Amino acid sequence: MKNDNRITVAITGASGAPYVLRLLQCLLDQDQQVLLLISSAARVVLATEQNMQIPAAPEKAASMLCEHFSVDAEKLKVYGKEEWFSPVASGSAAPAKMVVCPCSTSTLSAIAHGSSNTLIERAADVVMKERGQLILVPRESPLSTIHLQNMLQLSQQGVTIMPAAPGFYHQPESIDDLIDFMVARILDHLGLEQRLVSRWGYGKES
């Protein structure tokens, strides 16, 4: 169950909806099965930043997103915040990889302290206890001492903290280029192919 093409993606209420939409498209294009978790605050952010009205009901959200990404229903599963019988809630069934993008500092705090009040928090806890790969993409500025302490605590537990801080050495010409920079780094860390951004010291990839 661990060495498969499944990945858990969680969307929380931090700013940065374009990052996760691009990430989802790239994962689905590479035939990854995505188990998607969307917080209530994330739906507000998606509506504000992308004008996407995600239904609260998981099955309706899944239908909408499958149509948006033009994928089969088996490729993109959406689970509600209290679906405790979903695969992501148990170490015996959860994917070994999880990305929280964007990751709010409240979600980061809950994960750092082992809270499992929502399915997102439980899913992250499962990945950590099973020694899987957890990537958090926080988007906040400035960072308080509490934020930094929580990030340090998680990093010491093997969690990858990847702030949404795109670089400029690839000479971006658009907002999409900046989004691709961050998504490329996430794909790199997941061990997946990416041709979004050329690597340092190399020319642009075709």
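Residues numbered from 1 in each chain as written. Predicted model: local features only at pLDDT ≥ 70, side-chain atom pairs only at ≥ 80, totals over all residues. Heavy atoms only, no water.

Visitor: What should I look at first to understand the overall build of the protein in this one?
Guide: Regarding its fold elements, the protein presents 7 helices and 6 strands. Start at the N end of the protein and walk to the C end: the helices and strands fall as β-α-β-α-α-β-β-α-α-β-α-β-α. On C-alpha atoms alone, the protein measures out to a radius of gyration of 16 Å, which is about the 17 Å that the 2.2 N^0.38 rule sets for 206 residues. A principal-axis box enclosing the C-alpha atoms of the protein has dimensions of 45 × 40 × 35 Å. Relative to its full complement of 206 residues, the protein shows a buried share of 48%. At a minimum sequence separation of 6, the contacts of the protein that also span at least 24 residues come to 70%. (Helix = DSSP H or I, 4+ residues; strand = E, 2+ residues; numbered from the N terminus. Rg over C-alpha atoms; globule rule 2.2 N^0.38 Å. Buried < 20%, exposed > 50% of the residue type's maximum accessible area, 1.4 Å probe, protein only. Contact = heavy atoms within 4.5 Å.)

Visitor: What is the right way to look at the environment of F85 in this model?
Guide: Along the chain, the position of F85 falls in the loop between β3 (76-79) and β4 (97-103). Take F85: its relative accessible area is 88%, and that puts it in the exposed class. Spatially, the C-alpha atoms of F85 and S39 are 17 Å apart, while their sequence positions differ by 46 residues.

Visitor: Just checking my understanding: could you explain the nonpolar core for this structure?
Guide: Side chains of a nonpolar character, in soluble globular proteins, are inclined to be buried together. In terms of nonpolar packing, the biggest core is built from 44 residues, with L27, V34, L36, I38, L65 and V99 touching the most fellow members. The greatest single-element share of this core, amounting to 9 residues, is contributed by helix α1 (residues 17-29). Once you skip the residues sitting within four places of it in the chain, V99 turns out to touch I7, T8, V9, A10, L23, I135, V137, I186 and L190. (Core = buried A, V, L, I, M, F, W, Y, C linked by side-chain atoms within 4.5 Å.)

Visitor: How do you make sense of the packing of α1 against helix α7 (residues 175-190) when you look at a structure like this?
Guide: Running from N to C, α1 and α7 point in directions that differ by 50°, and their axes come no closer than 9 Å. The angle between α1 and α7 falls in the class oblique. Between α1 and α7 lies a crossing whose hand is right-handed. Where α1 approaches α7, its residues P18, Y19, R22, L23, C26 and L27 are matched on the opposing element by L178, I179, D180, M182, V183, I186, L187 and L190. Across the contact of α1 with α7, the residue classes break down as 12 nonpolar, no polar and 2 charged. (Axes fitted to C-alpha atoms, helices over the stretch in contact; angles between N-to-C directions. Parallel < 35°, antiparallel > 145°, perpendicular 65-115°, else oblique. Left-handed = near helix turned anticlockwise from the far one by under 90°. Nonpolar A, V, L, I, M, F, W, Y, C, P; charged D, E, K, R; others polar.)

Visitor: What exactly am I supposed to notice about the packing of α1 against helix α2 (residues 40-50) here?
Guide: For any two helices packed against each other, the geometry is given by the interaxial angle and the distance between the axes. Contact pair α1 / α2: the axes reach a minimum separation of 9 Å and the direction vectors enclose 95°. Between α1 and α2, the crossing angle belongs to the class labelled roughly perpendicular. Here A17, P18 and L21 of α1 come into contact with α2, specifically with V45, L46, E49 and Q50.

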